[in-house]
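Given next are the chains, with one letter for each unit.
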Amino acid sequence: MPTIADTARKVQSGEITSESLVQASLGRIEATKGLNAYISVLAESALEQARATDKRVAAGEKLGPLAGIPVAVKDNIVYSKGRTTCGSRILEKFESPYDATALARLVAAGAIPVGKTNMDEFAMGATSETSAFGAPKNPLDPGVIAGGSSGGSAVAVASGTVRVSLGSDTGGSIRQPAACCGIVGVKPTYGRVSRYGLVAYASSLDQIGAFSENVADSALLLNAISGWDAQDSTSSQAVVPDFTASLNKGVQGKVIGMPKECFGAGLQPEVRAHVLAALDKLEKAGAVIREVSLPSFEFAVPAYYVIATAEASANLSRYDGVRYTTRAQDVTDLFSLYAKTRSQGFGWEVKKRILLGTYVLSSGFYDAYYLQAQKVRRLLTDDFNQAFTGCDVVVTPTMPTLPPKVGEVFTDPMAMYLGDIYTVALNLAGLPGISQPVGQVGKLSVGLQFIGKAFAEEELFQVAAALEHSLNPSDASGVRPQSRRIGDEKAP
Ligand code: GLN
């Protein structure tokens, strides 16, 4: 089975054209329209870019490692073509005058954006159901959620419209939909990828990352978008190694830490069974599984929802009806302009979080909530540092349960927030994480999450690739066999 690197090489050699890849992708997007993965499709600009790519190949130019590959992009990553809505009415008609750095780098590497994907409004949620444009559907089973907030980007890959896509992850928004849709999703270390042009939700937690069908493709995509950017003062100057360099090195002697706090009550038995079975395979491949402890783990969700909403309440104050798009009519003065625009433009989950965030930052409550949450954040980071003195990577399930039924989580908001239990801790600590499929229960997929040391993505990919290979030993490339890929001989 080819990886996107193989396909890009074929484009470079002239064996296949980028135009045929983009056309196959657009055809598949049309055929799977009912899944609602895309908010907008960029057919015209994509075909134009594909033809230009093919011309450059014909002229003998050397293109980048993603030459001619169609990609889908979450609709909170700004692009100078088409609209960037963030899944919200308040930005329904917003057109960005510039490109996000990560997206510009992807395009510079040869990739071709074919569409902007559906998402929870302003990336607030874990199901994509708060999108103002209707929820995307899970291709494995439309009766369960696709996960969120980058649900559209996950569905775009899982339904074969593209082989790779970009998402953003503030507390699990790449890893959870990857788990729900049975694909790979990676959130890099905080600072690894520039946030310039990523519409801010919670700036100290947000990172752009990748979705793909296999580990190798995520590694390649992440390489293309990583590295320091003068436009983002929080982007890191750390050297970006070749994330694909260790994919075939196996796990002999690697120590995998299992936090005892992550495998107890609240974990659905089927999920636990698949995660443990996967770890058994990894042990047979030479890894050492060792128990570790994250004593502050149980406080991660409350701390996350204080910090994330506090930052969101500040970040979202810019949507005032004066700048950006939607503006309420029938206003009498400046205050009613603000109030009406925001009342009409934001959905209920966003409003709830702005209120919560404003509350935890207000004088009198600041110390009790915001300051306290920051202390928990410090403790969690210390816990991870301590755990990593005894292991190379940490393992947890990605989600405590199988993907819930559509609409179900809103009957119990606490249960919804608790669904983030395994994913938010590493955003608070700034660490990288990857979710990969490790088994199926009926039609549904189970995700396993590896957490790496800061800036140790190469090692994270190495371990994930070894597990992928252990689970699919018949495929030498470690790629899951599928027939729905774009760029395959059997492209749809
Ligand atoms: N589910 C989490 C939230 O609602 C995470 C979202 C995200 O990572 N963007 O905040």
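Thresholds, definitions, all that
- Each chain carries its own residue numbering, running from 1 in the direction its sequence is written.
- In keeping with the model being predicted, local features are shown solely for residues with a pLDDT of at least 70 and side-chain atom pairs are shown and tallied solely at 80 or more, while totals for entire chains, interfaces and linings include all residues.
- Side-chain measures were taken over the full set of non-hydrogen atoms in the model, leaving aside hydrogen atoms and water.
- Here a helix means four or more residues in a row that DSSP labels H or I, a strand means two or more in a row labelled E, and each is numbered from the N terminus.
- Contacts between residues were defined by any pair of non-hydrogen atoms, one from each residue, lying within 4.5 Å.
- In this count, Lys and Arg are taken as positive residues and Asp and Glu as negative ones, while His and the chain termini are left out.
- By convention, the charge on Lys lies at NZ, on Arg at CZ, on Asp at CG and on Glu at CD.
- Side-chain rings of Phe, Tyr and Trp (the six-membered ring for Trp) are treated as a pair once their centres are within 6.5 Å; stacked means planes under 30 degrees apart, edge-to-face means over 60, and tilted covers the remaining angles.
- Only buried residues count toward a nonpolar core, which is a set of Ala, Val, Leu, Ile, Met, Phe, Trp, Tyr and Cys residues joined through side-chain atoms within 4.5 Å.
- Burial here depends on accessible area, computed with a 1.4 Å probe over protein chains only, as a share of the maximum for the residue type. Under 20% is buried, over 50% is exposed, and the range in between is partly exposed.
- Only one rule defines a salt bridge in this text: a Lys or Arg side-chain nitrogen within 4 Å of an Asp or Glu carboxyl oxygen.
- Note on definitions. A residue lies near a molecule or strand when any single heavy atom of the residue is within 4 Å of it.
- The definition of a polar contact used here is a pair of N or O atoms within 3.5 Å, where within protein one atom must be able to donate a hydrogen and the other to accept one, and adjacent residues in sequence count solely through side-chain atom pairs.
- DSSP bridges decide pairing: two strands pair if at least two such bridges lie between them.
- To obtain each axis, a line is fitted to C-alpha atoms, and for helices this fit is confined to the stretch in contact; angles are then taken between N-to-C directions over 0 to 180 degrees.
- In predicted models, pLDDT denotes the confidence assigned by the predictor to each residue on a 0 to 100 scale.
- To estimate the expected span of a helix, count its residues, drop one, and scale the result by 1.5 Å.
- If an angle is under 35 degrees, it is roughly parallel; if it is over 145, roughly antiparallel; if it lies from 65 to 115, roughly perpendicular; otherwise it is oblique.
- Throughout, a crossing is termed right-handed when the near helix is turned clockwise from the far one, and left-handed when it is turned anticlockwise from it by less than a right angle.
- Ten residues, namely Ala, Val, Leu, Ile, Met, Phe, Trp, Tyr, Cys and Pro, are considered nonpolar, four, namely Asp, Glu, Lys and Arg, are considered charged, and the remaining ones, Gly among them, are considered polar.

### Concerning the overall build of the protein chain
(1) Moving on: In terms of helices and strands, the protein chain carries 15 helices and 11 strands.
(2) Moving on: For the protein chain, the C-alpha atoms occupy an extent of roughly 65 × 55 × 45 Å along the three principal directions.
(3) Moving on: Restricting the contact set of the protein chain to residue pairs at least 6 apart, pairs at least 24 apart contribute 76%.
(4) Moving on: For the protein chain, the distance from the average position of its 46 positive side-chain charges to the average position of its 48 negative side-chain charges is 1 Å.

### With respect to the side chain of E457
(1) Moving on: Relative to the elements of secondary structure, E457 occurs in helix 15 (residues 457–471).
(2) Moving on: If sequence neighbours within four positions are ignored, E457 has contacts with P188, T189, R192, L222, F243 and P432.

### With respect to the packing of aromatic side chains
(1) Moving on: Summed over all chains, the structure comprises 16 aromatic pairs.
(2) Moving on: With a centroid separation of 5.3 Å and 50° between ring planes, the pair formed by Y319 and Y324 is classed as tilted.
(3) Moving on: Between the aromatic rings of Y366 and Y370, the centroid separation amounts to 5.2 Å while the plane-to-plane angle is 50°, which identifies the pairing as tilted.
(4) Moving on: Three or more aromatic residues link up through ring pairs in this structure, and these residues are F94, F122, Y319, Y324 and F346.

### Looking at the nonpolar core
(1) Moving on: Residues L66, F122, L282 and F450 are the most contacted members of the largest nonpolar core, which totals 121 residues.
(2) Moving on: Ranked by residues supplied to this core, first place goes to helix 9 (residues 300–315) with 10 residues.
(3) Moving on: Counting residues in each nonpolar core, the second largest holds 24 residues, with L26, L35, Y38 and I183 among its members.

### As for the pattern of salt bridges
(1) Moving on: Under the definition given, this model contains 14 salt bridges.
(2) Moving on: K33 is the salt-bridge partner of E30, the closest N and O atoms lying 2.9 Å from each other.
(3) Moving on: Between E457 and R192 there is a salt bridge whose closest N-O contact spans 2.9 Å. One end of the pair, E457, is in helix 15; the other, R192, is in the loop between strand 5 (184–187) and strand 6 (207–212), and 265 residues separate them in sequence.
(4) Moving on: Under the relative-accessibility criterion, R192 is labelled buried at 2%.
(5) Moving on: The structure contains a network of salt bridges with shared partners spanning E349, K352 and R353.

### Structural notes on the site of the ligand
(1) Moving on: Around the ligand, the structure places 15 residues, and the nearest of them are T170, G171, S173, Y201 and Y304.
(2) Moving on: One of the side-chain N or O atoms of Y305 is found 3.3 Å from an oxygen atom in the ligand.
(3) Moving on: Between the ligand and the protein, one listed contact pairs a nitrogen atom with a side-chain N or O atom of D420 at 2.9 Å.

### Some words on the sheet that holds strand 10 (residues 433–441)
(1) Moving on: With mixed pairing, the 11 strands of this open sheet are ordered in space as 1-3-2-4-6-5-10-11-9-7-8. A strand with exactly one partner marks an edge of an open sheet, and here the two such strands are strand 1 (38–41) and strand 8 (288–292). This sheet shows a mean twist of 30° between the axes of neighbouring strands, independent of strand direction.

### Quick look at the confidence of the model for the protein chain
(1) Moving on: Per-chain confidence: the protein chain averages 95 in pLDDT, with 96% of residues scoring 70 or above.
(2) Moving on: A low-confidence stretch, residues 476–485 stays under pLDDT 50, and its non-local contacts, those more than four residues away or across chains, total 34 contacts.
(3) Moving on: For the stretch residues 487–492, pLDDT sits under 50, and the model shows 13 contacts to residues farther than four places along the chain or on other chains.

### Considering helix 3 (residues 43–58)
(1) Moving on: With 16 residues, helix 3 extends 23 Å between its outermost C-alpha atoms, agreeing within 8% with the 22 Å of an ideal straight helix rising 1.5 Å per residue.
(2) Moving on: Every buried residue of helix 3 is accounted for by S45, A46, L47, Q49, A50, T53, D54 and V57.
(3) Moving on: Tucked into the core, helix 3 has its buried residues touching helix 1 (4–13), helix 2 (18–31), helix 4 (101–108) and strand 3 (112–117).
(4) Moving on: Directly beyond the C-terminal end of helix 3, a positive phi value near 85° is found at G60.

### Quick look at the packing of helix 4 against helix 7 (residues 215–225)
Each pair of packed helices can be summarised by the angle the axes make with each other and by the distance between the axes.
(1) Moving on: One can describe the packing of helix 4 onto helix 7 by two numbers: an axis separation of 8 Å at closest approach and a directional angle of 110°. With respect to helix 7, the axis of helix 4 lies roughly perpendicular. Here helix 4 runs over helix 7; the crossing is right-handed. Across from A102, R105 and L106 in helix 4, the residues of helix 7 making contact are L221, A224 and I225.
(2) Moving on: The class makeup of the residues in the contact of helix 4 with helix 7 is five nonpolar, no polar and one charged.

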